[in-house]
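Coordinates in review
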Amino acid sequence: MTATPIHAFLRQLDASRTHYSLSSVREAAVMVHVALPGERWEVEFFADREPEVEVFRSDGKIGGPERVAELLRNVVD
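For the structure given in this document, a descriptive report is provided here. All of these numbers come straight from a predicted model, not from anything done at the bench.

A count of helices and strands for the chain gives two helices and four strands. N-terminal to C-terminal, the α/β element order of the chain is α-β-β-β-β-α. For 77 residues, the compact-globule formula gives about 11 Å, and the C-alpha radius of gyration of the chain, at 16 Å, lies well above that figure. Taken along the three principal axes of its C-alpha coordinates, the chain extends 55 × 30 × 15 Å. Here the contacts in the chain between residues at least 6 apart in sequence split such that 12% fall between residues at least 24 apart. Accessible area for the chain stands at about 6,300 Å²; split by element, carbon and sulfur atoms hold 56% of it.

Below, the structure is given as structure tokens:
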């Protein structure tokens, strides 16, 4: 039996001991959230088409309480 693309991807993550979680935000799709130092991936797998990948990278700056307040202001505005 051949592994599906998502199963092959998860096996590679497991083999490399990379943390991930699964969710579903669109109908008929499974999203794999991968957390790496300074980087986060969202890889969404579909039954009827190729996966979609989005990568988010940190600028390396670490904020404090003022950054939390700024983020919350941006959400409310």
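Applying the stated criterion across every chain, the model contains one aromatic pair. Measuring from centroid to centroid gives 5.5 Å for Phe9 and Phe45, while their planes differ by 45 degrees, and the two rings are tilted. Placement of the pair is Phe9 in helix α1 (residues 5–15) and Phe45 in strand β3 (residues 39–46), with a sequence separation of 36 residues. A relative accessible area of 17% means that Phe9 is categorised as buried. Directly above the aromatic system of Phe56 lies the positively charged group of Arg40, at a separation of 4.3 Å from the ring centroid. Here the basic side chain of Arg49 rests over the ring of Phe46, its NZ or CZ set 3.7 Å away from the ring centre.

To continue, consider the nonpolar core. Core analysis: the biggest nonpolar cluster contains eight residues, these being Ile6, Phe9, Leu10, Leu13, Val32, Val34, Val43 and Phe45. Elements that contribute at least two residues to this core include exactly α1, β2 (29–36) and β3. Ranked by residue count, the leading element in this core is α1, at four residues. Look past the residues within four positions of Leu13 in its chain and what remains in contact with it is Thr18, Tyr20, Val32, Val34 and Trp41.

The subject of this paragraph is the side chain of Thr18. In this structure, Thr18 sits in the loop between α1 and β1 (20–23). Owing to a relative accessible area of 18%, Thr18 belongs among the buried residues under this scheme. Apart from residues no more than four positions distant in its own chain, Thr18 is found in contact with Leu13, Val34 and Leu36.

Criteria and thresholds
Residues numbered from 1 in each chain as written. Predicted model: local features only at pLDDT ≥ 70, side-chain atom pairs only at ≥ 80, totals over all residues. Heavy atoms only, no water. Helix = DSSP H or I, 4+ residues; strand = E, 2+ residues; numbered from the N terminus. Rg over C-alpha atoms; globule rule 2.2 N^0.38 Å. Contact = heavy atoms within 4.5 Å. Areas by Shrake-Rupley, 256 points an atom, 1.4 Å probe, with all protein chains shown as cover. Phe/Tyr/Trp six-rings, centres within 6.5 Å; stacked < 30°, edge-to-face > 60°. Buried < 20%, exposed > 50% of the residue type's maximum accessible area, 1.4 Å probe, protein only. Lys NZ or Arg CZ within 6 Å of the ring centre and 35° of its normal. Core = buried A, V, L, I, M, F, W, Y, C linked by side-chain atoms within 4.5 Å.

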